[in-house]
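# Summary of structural features
Each chain, written out:
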Amino acid sequence: MSSSSPLSPHLPKASLDSAKEQKLDNQFSDKSFPKLSRLRKRGQFLKVQRTGKRLYTPHLIVYVSKNRGLNNRLGLTVSKKVGKANHRNQVKRCIREAFRHSHLRQGQGFDVSVIAKQEAPRFELKLLLSEFDQLARQIQTLSFDRSSNKRKNNKTQNQKKPKLASKHSVRP
């Protein structure tokens, strides 16, 4: 029995010439969403939400943070408020597809956490593509230096202030 093709186990390897096989490989690689391109752990999502910038679109809330890598990573959050499981899965597929085709996919070193709004009953690919392109333009104008970090600003504001004498305190 001849060895089968990695693309289709039912076709013999000899039946696909190398040009077609390479074309199919490229076609599948463009549609893949590898683990390196995803936020997968809770801590990664929390870090992006804690340290990142928040952007709004009609259908999405987006947190963007710099990462140390060269690729942009996408994390999706679609709550039960959006709809039942089949609708949530459809929304996630549509957002992933929009991310794949947008300018955000190019490697710039950002972590992008996307939260779907429940007010948006229909997620259409064309709308999401335009929203992701708008987000890509907004992200290019953002600054991610450490001095603008919200956490540091809050630390300086929350420093201990001198206590004022209350009516119950003993006066010298």
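Each remark here, short or long, concerns the structure printed above.
### Some words on the overall build of the protein
Within the protein one finds five helices and four strands. Each helix and strand of the protein, placed in order from N terminus to C terminus, yields the pattern α-α-β-β-β-α-β-α-α. Across the 172 residues of the protein, 28% fall into the buried class. Excluding contacts between residues fewer than 6 apart, the proportion of contacts in the protein whose partners are at least 24 apart in sequence is 75%.

### What to know about the pattern of salt bridges
Going through the model one piece at a time under the given rule, you end up with two salt bridges. Put simply, D111 and R73 hold a salt bridge, and the shortest N to O gap is 2.8 Å. Here the residue D111 occupies a position in strand β4 (residues 110–116), and R73 occupies one in strand β3 (residues 73–77), the gap between them amounting to 38 residues. Taking the relative accessible area as the measure of exposure, D111 reaches 6% and is therefore buried.

### Some details on the packing of aromatic side chains
Counted according to the given criterion, the structure contains one aromatic pair. With 6.2 Å between their ring centres and 70 degrees between their planes, F99 and F132 make a pair best called edge-to-face. Of this pair, F99 sits in helix α3 (residues 85–101) while F132 sits in helix α4 (residues 125–141), and the two are 33 residues apart along the sequence. Among the residues examined, F132 registers a relative accessible area of 0% and is labelled buried.

### What about the nonpolar core?
Counting 25 residues, the largest nonpolar core has L60, V62, I95, V114, F123 and F132 as its most contacted members. Among the elements of the structure, β2 (60–66), β3, α3, β4 and α4 are those that each provide at least two residues to this core. Setting aside its immediate chain neighbours within four residues, I95 contacts L60, L76, V114, A116, L128 and F132.

### Here we look at the sheet that holds β2
Strand order across the open sheet formed by four strands is β1-β2-β4-β3, with mixed pairing between neighbours. Looking along the sheet, the strands with just one partner apiece sit at the ends: β1 (53–56) and β3. Across the sheet, the mean angle separating the axes of adjacent strands is 20 degrees when strand polarity is ignored. Pairing of β1 with β2, which is carried by four bridges, proceeds in the antiparallel orientation. Following the sheet pairing, L55 is matched in β2 by V62. This element, α3, spans β2, β3 and β4 of the sheet and lies at about 160 degrees to β3. Packed onto the sheet, α4 meets β1, β2 and β4 and runs at close to 35 degrees relative to β2.

### Structural notes on the environment of Y63
By secondary structure assignment, the location of Y63 is in strand β2. A relative accessible area of 12% means that Y63 is categorised as buried. Note: C-alpha distance between Y63 and K47 (16 residues apart in sequence) is 10.0 Å. Apart from the residues lying within four places of it in its own chain, the contact partners of Y63 are V48, Q49, K53, R54, D111, V112, S113 and I115. Here the side chain of Y63 touches R54 through a polar contact of 3.4 Å, side chain to side chain.

What counts, and at which threshold
- Residues numbered from 1 in each chain as written.
- Predicted model: local features only at pLDDT ≥ 70, side-chain atom pairs only at ≥ 80, totals over all residues.
- Heavy atoms only, no water.
- Helix = DSSP H or I, 4+ residues; strand = E, 2+ residues; numbered from the N terminus.
- Buried < 20%, exposed > 50% of the residue type's maximum accessible area, 1.4 Å probe, protein only.
- Contact = heavy atoms within 4.5 Å.
- Salt bridge = Lys/Arg side-chain N within 4 Å of Asp/Glu carboxyl O.
- Phe/Tyr/Trp six-rings, centres within 6.5 Å; stacked < 30°, edge-to-face > 60°.
- Core = buried A, V, L, I, M, F, W, Y, C linked by side-chain atoms within 4.5 Å.
- Pairing = 2+ DSSP bridges.
- Axes fitted to C-alpha atoms, helices over the stretch in contact; angles between N-to-C directions.
- Polar contact = N/O pair within 3.5 Å; in protein donor to acceptor, adjacent residues only side chain to side chain.

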